[in-house]
Structure formats: C-alpha cells, structure tokens
Amino acid sequence: MSPRADETPRRGREPRRGASRDLPPAEESGRDDDRTRGFGGIGDARAYTPRGRTVREGDQRTRSPRAGRDTDPFRPALQVLDGGRPARARRREPEEPPPPPQRRGREERDREREPKGRAARGTTRAAPPEDDEWDDDTPRRPRRTTAGATRARSTANPRKGAAATRTESGARTGRERKVAAPPGPRRGTAGRPAKAAPPTRPRSRRPVPAVPAEPPKLANSTRRLRLGTVLALALFATIGVRLVVLQVVDTPASAQSLLEQRQSRLTDVTLPAPRGSILDRSGAVLAHSVEARYIYADPELVKDAPGAAAKLSPLLGVPSSRLVELMAKKKRPGGGASRFEYLARGVDIAVADRIALMKLPGIGSDRDERRDVPGADLAANLIGFTGEDHFGLEGIEARYDDLLRGTDGKRVFERGNPDVKKGMLAKEIPGGYSSYRPAAPGSSIQLTIERDLQFEVQRILSRQMERVSATIGAAVVIDVRTGEVLAQASYPAYNAAKPFDFKPTEREDVASSVIADPGSTHKAFTIGAALQEGVITPDSTVTVGPGLVLGGKPFTDTHRFAAGTKLTIPGVLAYSSNIGTIRIAQKLGKERLYDYQRRFGLGETTNEGMPGEASGRLLTPDEWSGSAWGSVPIGMSVDATLVQMAAGYAAIANDGTYIQPRLIKATISGKDGSVTPAPAPVTREVLSPEVASQLRTMMESVVDSKGGTGGRAAVAGYRVSGKTGTGKMLVEGQYTKHNAGSFIGMAPADNPRFVIGVFADVADGTGGDVAAPAFSEMMASALRHLRVPPSGTEPPTFKLKAE
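These numbers come from a predicted model, not from an experiment.

Caption draft 1: Geometry of the sheet that holds strand β11 (residues 434-437). The three strands are arranged β3-β10-β11 in an open sheet whose pairing can be described as antiparallel. Here the strands that pair on one side only, and so sit at the sheet edges, are β3 (266-271) and β11. This sheet shows a mean twist of 15° between the axes of neighbouring strands, independent of strand direction. Across six bridges, β3 lies against strand β10 (residues 409-414) in antiparallel orientation. By the bridge assignment for β10, Thr270 is matched with Lys410.

Caption draft 2: Focus on unusual backbone geometry. A cis amide bond links Tyr491 with the next residue in sequence, Pro492, at an omega value of 0°. Residue placement: Pro492 occurs in the loop between β14 (485-491) and α15 (510-513). The peptide bond linking Ala747 to Pro748 adopts the cis configuration, its omega dihedral lying at -15°. Note on placement: Pro748 falls in the loop between β26 (739-747) and β27 (754-762). A positive phi angle, near 55°, is found at Lys359, a position not held by glycine. The residue Asp655 is not glycine, and still its phi comes out positive at about 60°. Counting through the fold element by element, Asp655 comes out in the loop between α21 (642-653) and β19 (657-659).

Caption draft 3: Examining the environment of Ala666 more closely. Turning to its location among the elements, Ala666 is positioned in strand β20 (residues 664-668). Judged by relative accessible area, Ala666 falls into the buried class, the value being 4%. Spatially, the C-alpha atoms of Ala666 and Leu279 are 9.8 Å apart, while their sequence positions differ by 387 residues. With residues up to four places along the chain from it excluded, the contact list for Ala666 reads Ser444, Ile445, Gln446, Val675, Thr676, Pro677 and Ala678.

Caption draft 4: Quick look at the pattern of salt bridges. Under the defined criterion, the tally for this structure stands at 24 salt bridges. We note a salt bridge from Arg275 to Glu397, for which the minimum N-O separation is 3.0 Å. Here the residue Arg275 occupies a position in the loop between β3 and β4 (278-279), and Glu397 occupies one in helix α12 (residues 395-399), the gap between them amounting to 122 residues. Each member of the pair, Arg275 as well as Glu397, is classed as buried. Measuring nitrogen to oxygen at the nearest pair gives 2.7 Å for the salt bridge that ties Arg371 to Glu397. Placement of the pair is Arg371 in strand β7 (residues 363-372) and Glu397 in helix α12, with a sequence separation of 26 residues. Comparing Arg371 with Glu397 shows no difference in burial state: the two are buried. Connected through salt bridges with shared partners, the residues Arg275, Arg371, Glu397, Asp401, Asp402 and Arg405 form a single ionic network.

Caption draft 5: Representation of the packing of aromatic side chains. In the structure shown here, the tally under the stated rule is 12 aromatic pairs. With 6.1 Å between their ring centres and 75° between their planes, Tyr294 and Phe340 make a pair best called edge-to-face. Taken together, the positions of Tyr294 in strand β5 (residues 285-297) and Phe340 in the loop between α9 (320-327) and β6 (341-347) put the pair 46 residues apart, joining distant regions of the chain. A residue is classified by how much of its surface remains accessible, and Tyr294, at 4% relative accessible area, is buried. Residue Phe340 is classed as buried on the basis of its relative accessible area of 18%. Ring centres of Phe385 and Phe500 lie 5.4 Å apart, and the angle between their planes is 75°; this geometry places the pair in the edge-to-face category.

Caption draft 6: Structural view of the side chain of Ser520. Secondary-structure assignment places Ser520 in the loop between α15 and α16 (523-532). The buried category is assigned to Ser520, whose relative accessible area is 11%. In terms of polar contacts, Ser520 uses its side chain to reach the side chain of Ser576, at 2.9 Å. In contact with Ser520, not counting residues within four places along its chain, are Ser576, Ile634, Lys723, Thr724, Gly725 and Thr726.

Caption draft 7: Local environment of the nonpolar core. With 94 residues, the main nonpolar core has Ile527, Tyr649, Leu687, Val755 and Phe759 as its most contacted residues. Sort the elements by how many residues they give to this core and α21 lands first, with 10 residues. Residues contacting Tyr649, with those up to four places away along its chain left out, are Thr521, Ala524, Phe525, Met699, Lys723, Ile744, Met746 and Val755. Among the nonpolar cores identified, the runner-up in size contains 35 residues, and Ala487, Val758, Met779 and Ala780 belong to it.

Thresholds applied
Residues numbered from 1 in each chain as written. Predicted model: local features only at pLDDT ≥ 70, side-chain atom pairs only at ≥ 80, totals over all residues. Heavy atoms only, no water. Pairing = 2+ DSSP bridges. Helix = DSSP H or I, 4+ residues; strand = E, 2+ residues; numbered from the N terminus. Axes fitted to C-alpha atoms, helices over the stretch in contact; angles between N-to-C directions. Buried < 20%, exposed > 50% of the residue type's maximum accessible area, 1.4 Å probe, protein only. Contact = heavy atoms within 4.5 Å. Salt bridge = Lys/Arg side-chain N within 4 Å of Asp/Glu carboxyl O. Phe/Tyr/Trp six-rings, centres within 6.5 Å; stacked < 30°, edge-to-face > 60°. Polar contact = N/O pair within 3.5 Å; in protein donor to acceptor, adjacent residues only side chain to side chain. Core = buried A, V, L, I, M, F, W, Y, C linked by side-chain atoms within 4.5 Å.

As structure tokens, this is what we get:
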C-alpha cells in the first residue's frame, strides 16, 4: 500500500482512506453522486489494509469482541465511508424477514451480481464484497481497471480466510491501484468465454452472519504449552497420591499381597563357596575340592515325581522316597512356591550328563564341587570328611569348618512365566530385580604332617597291629624342637572318600581320643620330678622287695626280686620296677607329683588341632586314697591319651622344655593367597636341661641294657631312649580286660630329634612286645627320611643293681 502523503488532510473533499488517488474528485468527473466520495470502489476499500479492513474497523474489533459478528470472517466487512460517516450508519428496515444465514460460494455470488447481457471482456474484475449494505436498487458504479495493471486481484477464498488476502498488499507495492470496472466475461477452463449467468430477480442484499476468524484451539502454541503443563502436573500428582496411599493408607493385608506377588516371581540360588584345601607341610594336597555337578528340581515343573525318582535313585544313590519328598510342591518360609530343591550334590560329571540326556521335566544340573581325598585312607583319621552340603563332619574338616568353608554367595533374580512345555526353569527377566552376592572362597589349611612319613607310619602300624591282633592302635611322631606333629596314624584306617562304609569307632583318631592307663611310661615323669626336686640323684639306689600292700591292695614287680634287693635309678627304669617307683614317689610326695603331672601336660587337652580330643584325668592330692600311693606313681590311676604322653616325653627330649604339640602349621587365604602362620605354641619349663639330659641317659638302659623291657625298640646306628608301658584301656568309665601296651621313645638319645609313641590294645602282651617293634621301624624310617645323621657315640654301660 502506498504511504499517505503528509500534506494530505484526513477530512474534506480530498480522497479518503480506501479511495484511489487516480480517480478525480466529484467535481472533475462531473458526477455528484454521494457514492463517489472517498472511495473509488469496494475493491479499493478492501485493498487499503493487508487484511482488507480499515484501521478503525481493526480497532473496533480489538476493543469489542462483539464487533463484526455479522461479517464474513474470510472476507472482512468493508467500512465504506460516506461523507465522513460509515455507510452502515444509515439504517434501514428490511423489506422481508431475512432468510437463515447460509454460505455460498464466491462464483455463485458473482454470477448473481453480473448484469444481463454484459459482453465478455478480457479485463479482470474484483469480486464484489458480500457484506456491503447498499440496496439492490441503488445503481452500482462499474469497476474499472487502471491502465498498466499487470495482473488481476486475488479473490479471497472463504476457506482460507483472511490469509488469502495478504498477497494483495504485497502485489500492490510499486503498482497502480485497481479501481472498479465493469465486469468482463468469465473464461472457461479451455479459454473460451464462459456462458453468461441467467438473469436473476433483483432482491435486497442482506448481511450474512460471520463466524469469528480464529485459529483451531490446538494450533495456539500458548494453549498447547498450558495444556501440556496441566497434564504433566496431573500425572505427577497422581503418582504422588498413589505413593502416599501405598506407604501410609494401605492395610497390612495389601502390603502382604504385594509382597507375596513379588516373592512368587523371585528365585533364590545359593552360590557355594569353594572350600579350602588341606595340605601337608610341603604343600602336597591331602584333601581338596574338585569340579562336580549338583542335581536340582523345580517342584512347579516336575510332572511325574514318582517316575522321575525311580529313574534318578540308582544314579544318585538317594532313596526314591526321599526324592519324591524333595520334588513335592511346597511353600518357602518367606512366602511363595519353592522353585529350587537340591536332589544331590557332588555328583560325578558323567552321571550328571546321563541325567541330562533323560530330559526329565523340572530336573536339571549345574556346577558344583566334591571333596576329594587323593590318598584315600592317608591321614583319613586326621582329615575327616564332609557331608553333601560341604559341611565338615569329622576330623580337621569339622574342627576348622568355618575357616575352610568360606561364605556362600547368593543370587536372587526375577523370572518370567515358566516354560512348562520344555520343562525348564523360568528365564531371568532382563532389567528385572536382581541381586548378586559373590561367594567368598574358604581358606586352605597347611598341616605339620609330612605326607611320605605319614604313609610309612600308617603302613608300619597297620602291619604290626594285624600281627599282634590288636583291636585298635595309634602312633605319633613329634619334632621335639618345634612340637610339630609329623605323623599321626590310627588303626584301623578308613577311606575318607567313602566314610559311611565304616563304623564310627573305626573312624576315630585313636591317638587323641582314646584314653588308657599309660602304665609304666608314666614312671619317667615320677623319676624326672624326683630328680628335679633333689629327692634322688642319678647315683641313688632304691630297695625293692617282694612287694607292698597299700590301702589294702598289693603291688609287686614283674621281675621278682628277693627281699632287700637294691636297684639303681637306671635299674628301676630298665626293669620297670613298680616297688622302686612307689618308694621314690613316697619321698617326693603327692602334691609335688601332681604338680609335675600337670607340667608334663597331663589332665588337659593339648589342643593340637583335633576335634574331640580327650583331656584325660588326674587324681588331685585330696582324692588320693591309700592305694593311690601305689597306683598313681606307676601310671595306673592316671587317664591319658597317647598324644599327651608323647608331648611329655618331647619335653624330656627338648632339654626339659615343654612345647605344645600342634597339627596346624599355617592357613592360606582363599582370597589373596596370603599365608598366616599358626599361633606360637605354648611352652614351659618342666625340667632343667641338666636333669633332662640325666633322665634321657638313664632311659637308654631300657633299650640297651640286658634284661631291659624295651630291647626290641633299638634302632641300628642310633642311640635310643624310651620306656615301655602296659596298662588298661578305659571304655565308658570301665577298664577292659585287654592290655594297653605302649612304647614311647626318642632318638638320637644324645641329641634327640623325634619322639615317637606307639599304642596297641591287645588281649595279651606288654608294651615291649606289641609296641616296641613298631617303634623301631617308624623311628628308623623317620631318621632316614629327614636325613638325621647316626649317633657319633656309643651308649653308656649301666649298672642296674647295687652291690
């Protein structure tokens, strides 16, 4: 639109808004009709603004929402000014009631307004407005097109609204305005003149009610933003209210229902912790875990429990009735159906593969471990065994179960619906609830046992016990310098891989659990205490005779001596004189004897590392009766194990210092492999080194002297000190009729390295007969195995009887 000149007045005879500047005023044109004032035509009025409306009309529509309701929104009403007044100010009454408002196409309206008989011309004409308020009988001024116009005015499309008229303002820039002109003929689609519209009866023009030209509601960005905000706030408010209801308002029954629903979808799987190994002192494996399989069942998927149990029982070694019970549907303690039950553990891989080929619904297998003992019965009485759940049941496996077993892990995951057709467990839901706690492997235990020496000791013990028809037997080898147990064997032995094939009594560790009278082996403690207390000296003599009666009980010697016979201290030991030992104990006194018994380790467990170790029993001085003066000094009213007695002898061999015997050398962490040595053993001084040396030397008389009771314990090339013993084994508080024969000795006697004790329960025989021969072989094997050099001196010559 051309800008208005600043000198042009707004009122008067000059052209008004909407009038074309190319038209002359009324005086010049010679026409004084009021319709020529201000506007050259309706088209010029519509061309004044881009939307086809005057500024005044826009202001009115903005100020008043009710303004322009009777106008067509897609062809804005024209406010034609006449004499400074809007044309619509001249009100007139309609000749007849207006018909209902209807929409008509523009072409139809144009045809109705086209005069009859008008010749078709090539000039374009602007469409007349639909909402002008001129009467039909008022002559209309023909529209003209200015010279030089290049294109026809765009006709407003009722369906496009005001947007269609925006192109006109841009098209008029720099061009002459179009003015009203007589309408020309319409052109058809083929370029031929269109037929003239049929004559129509003149009728009054009435305003057509207009529809507000507003965009669709959701086309407004502000409206969309507000609507989205409201929806988002409503969603969050709903979630918040629901959370409050779930946490505060809901009843416990609802919470329990939710918990049950969750539990029904969760599956718990225990992740067994790898059990630690048991090693010998050099790291050789005595017991460890190997890969195996466990067989499990999902009771919810098992279809034929009796049939499946019948097929699995021979392979698993589990009774069918037990398998059926495990396969039965049941509830878990926390709620929900049980979806996992162990049927067997530690199953061989080959057996598990056979079960997998059966494709039994609800039956499966997975990785597991099984305890394996490579040596079968090697140190089985020490090692013990585990159950199917990998818990230690006996031996070191039971004593250190917490250390070996570690901590099982756990995996909990949410699963979907089970696949009943395939008979498989439900699969884990990706992204569902899942928790994983890895298993912490157990630590390994390194024993003080020397595997090869253990094998030799077991072999020798078994052969000797079979030779003497012993019911039970035991042997212990102790390193006197450290207190470490290098071998500890029991007879009979059993296969730790099949422990339940043997009786419980056959699986006992005899050396630490069987209590017996130590017999004459206890005499070394009595004489050692007397030497330490100065009651006797190595040169002292003791009068022995036919016997003594103490507390109404007679005591005699195995070797019959005439009345008044005097024996030296080596003679008392070599002949194992009961009378000579009793007389020495009477000089020592019961209080001091009891004190030395405790110092040598009697009356309490050694805590070497075996479970169920017996502590034995000692009579306190207050408990002594008249006969106790005769029985206690010779070891007949004393209850002790072979380990306790061997540890006491080790104190004599170690220059009088007692060292607690131990089986555990170190523990090896299952996480990082770090080695932790076992705690230092308990030590205490029992005898002075001088007294211990004197006692060791005098004890050589038992093996080397003619007539000594331990002659069969000699070891070629080595000086041996020791003592035989024959007592009674105590079973359930009662002494048996069998003899508990034993021999405990050390070698080399001049510089002891090992102490070995051998025990056998036989129907008839003494320690020198049933135990000394086994001691000789075991000591020789130990000395050779650890390359201990032979003794460099000859044993002394002992005088057993006094002149």
